[in-house]
Amino acid sequence: MSKQILVLPGDGIGPEIVAEAVKVLQLANEKYSLGFELAHDELGGAAIDKYGVPLADETLERARNADAILLGAVGGPKWDAIDPAIRPERGLLKIRSQLGLFGNLRPALLYPQLAEASSLKPEIVAGLDILIVRELTGGIYFGQPRESKVLENGERMAYDTLPYSESEIRRIAKVGFDMAMVRNKKLCSVDKANVLASSQLWRAVVEEVAKDYPEVELSHMYVDNAAMQLVRAPKQFDVMVTDNMFGDILSDEASMLTGSIGMLPSASLDATNKGMYEPCHGSAPDIAGQGIANPLATILSVSMMLRYSFGQAAAADAIEQAVSNVLDQGLRTGDIWSEGCTKVGTQAMGDAVVAALAKL
Ligand code: NAD
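The structure presented is a predicted model; accordingly, all values stated were derived computationally and were not measured. (Residues numbered from 1 in each chain as written. Predicted model: local features only at pLDDT ≥ 70, side-chain atom pairs only at ≥ 80, totals over all residues. Heavy atoms only, no water.)

Observations regarding the UniProt feature "binding site: Mg(2+)" (unreviewed entry) in the protein
Part 1: Under the present numbering, the feature "binding site: Mg(2+)" (unreviewed entry) in UniProt falls on Asp224, Asp248 and Asp252. Considering the C-alpha atoms alone, the annotated residues occupy 29 residues of sequence yet fold into one spot, their largest mutual distance being 14.4 Å.
Part 2: With respect to the helices and strands, the residue Asp248 is situated in helix H9 (residues 244-257).
Part 3: Other than its neighbours up to four places away in sequence, Asp248 contacts Arg106, Arg134 and Tyr141.
Part 4: Residue placement: Asp252 occurs in helix H9.
Part 5: Residue Asp252 is classed as partly exposed on the basis of its relative accessible area of 35%.
Part 6: Here Asp252 is in contact with Arg106, Ile261 and Cys280, once residues within four sequence places are set aside. (UniProt positions renumbered as here; feature names shortened; annotations may be inferred. Helix = DSSP H or I, 4+ residues; strand = E, 2+ residues; numbered from the N terminus. Contact = heavy atoms within 4.5 Å. Buried < 20%, exposed > 50% of the residue type's maximum accessible area, 1.4 Å probe, protein only.)

Here you go:
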């Protein structure tokens, strides 16, 4: 039976980078006889323009029925002044929570060819291979109550809530340990247990889950220290597991270790490994429409899709090899360009990966 993939290009550079990733996906589909059928819909600002809401019910239904989803990115200045309840990002949060995509895998892997593009010294980042496991459907981005109001004295105030239940922590901790088991068996759980009650529960539950994984070396780190250690000595980490907001921030930080946020893919998985795959970066309105965005994070997200949702390791490996070969050829988009390399645009980079994949 064919497998359905729903493609949601989104806003800003989303359609540009997704177009390149789709070319790679279609070639992999033919080359490895994967039997994929692709359908397209809108999410975020593009969905507001088409349906009046950032995630239409019919789109959510198509997403539910799909075997995997490929997403670009959402948001942009056009929709910044809109009612916060229907901002583009709300569509993204809703599709993640409605599909139960609680496990967000964000690898930060430095291609040796890009060691010069990192803002850190090559010896600090050479060989870097970290996996950040971020909880994606709980915590402060979803917690209620949340409110902005005007106090009796006329001062404006606002607050958010950071809730985590034991079961939410347990299931993401398991993902962290499972990932550590297939990598180097080191897991660092990041929290703020010296201050936050939710983090104290987080730490206690992670300790309980650890009993089922005696082979994994578990450590705990406060998030402020983790942010510092990521730039001081990032190679000390193998897998990091953390909550929604800390993971959001730390994974952006980790992205710069690899040279550019334009290189970082991600997978968001439910309990059955059905997933939504997207680059870690946003819609980059500052460069949208110029044909200069780096499509590699989105292309590498396709490779994660083949690996995690469809168990197609050979096809996934081939896409990663094709990306590496293109970097060997010296082709670089502006964000990862350095002296002596050839600067190319989004489409030329996508075409080069397709050509490299075809040759494998
Ligand atoms: P951003 O990730 O879009 O951009 C940050 C910087 O990185 C910009 O200078 C941008 O040009 C650059 N950049 C990002 N992706 C790139 C790529 N593929 N190639 C080259 N350069 C790239 O973050 P931002 O500027 O904070 O947010 C812009 C919009 O994206 C906002 O509306 C925000 O809400 C949204 N956003 C969406 C997602 C998502 O859809 N998952 C994630 C983060 C931000």
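Past the structure itself, the notes keep going.
A look at the domain arrangement of the protein
Part 1: As far as domains go, the protein holds domain 1 (1-102 + 270-360) and domain 2 (107-135 + 166-263).
Part 2: Between domain 1 and domain 2, the C-alpha centre-to-centre distance is 23 Å.
Part 3: Each side of the interface is counted separately: domain 1 has 19 residues, and domain 2 has 18 residues.
Part 4: Together, the buried faces of domain 1 and domain 2 total about 1500 Å²; carbon and sulfur atoms form 64% of this surface.
Part 5: Of all residues in domain 1, the largest losses of buried area upon contact with domain 2 belong to Phe102, Leu327 and Ile336, amounting jointly to 37% of the total for that side. (Domains from an automatic or database assignment. Buried area = accessible area lost by both parts, 1.4 Å probe.)

Considering the sheet that holds strand S9 (residues 217-222)
Part 1: An order of S2-S1-S3-S12-S11-S4-S5-S10-S8-S9 is seen for the 10 strands of this open sheet, with the pairing classed as mixed. Whereas interior strands pair on both sides, the edge strands pair on one side only; in this sheet they are strand S2 (36-40) and S9. The average angle at which neighbouring strand axes cross in this sheet is 20°, direction not considered.
Part 2: Across the face of the sheet, helix H3 (residues 57-65) comes into contact with strand S1 (3-10), S2 and strand S3 (68-73) while running at roughly 140° to S1.
Part 3: Where helix H8 (residues 223-232) meets the sheet, it contacts strand S5 (129-135), strand S8 (186-191), S9 and strand S10 (239-242), and its direction lies at approximately 105° from that of S9. (Pairing = 2+ DSSP bridges. Axes fitted to C-alpha atoms, helices over the stretch in contact; angles between N-to-C directions.)

What about the nonpolar core?
Part 1: Leu105, Val133, Leu296 and Leu306 are the most contacted members of the largest nonpolar core, which has 66 residues in total.
Part 2: Broken down by element, the residue count for this core peaks at 8 residues, all from helix H11 (residues 313-328).
Part 3: Of the domains in this structure, domain 1 (1-102 + 270-360) and domain 2 (107-135 + 166-263) are the two that each give at least three residues to this core.
Part 4: If sequence neighbours within four positions are ignored, Leu306 has contacts with Leu25, Ala28, Leu34, Phe36, Gly311, Gln312, Ala315, Ala316 and Ile319.
Part 5: Core analysis: the next-biggest nonpolar cluster, separate from the first, contains 22 residues, Leu120, Ile130, Met221 and Phe246 among them. (Core = buried A, V, L, I, M, F, W, Y, C linked by side-chain atoms within 4.5 Å.)

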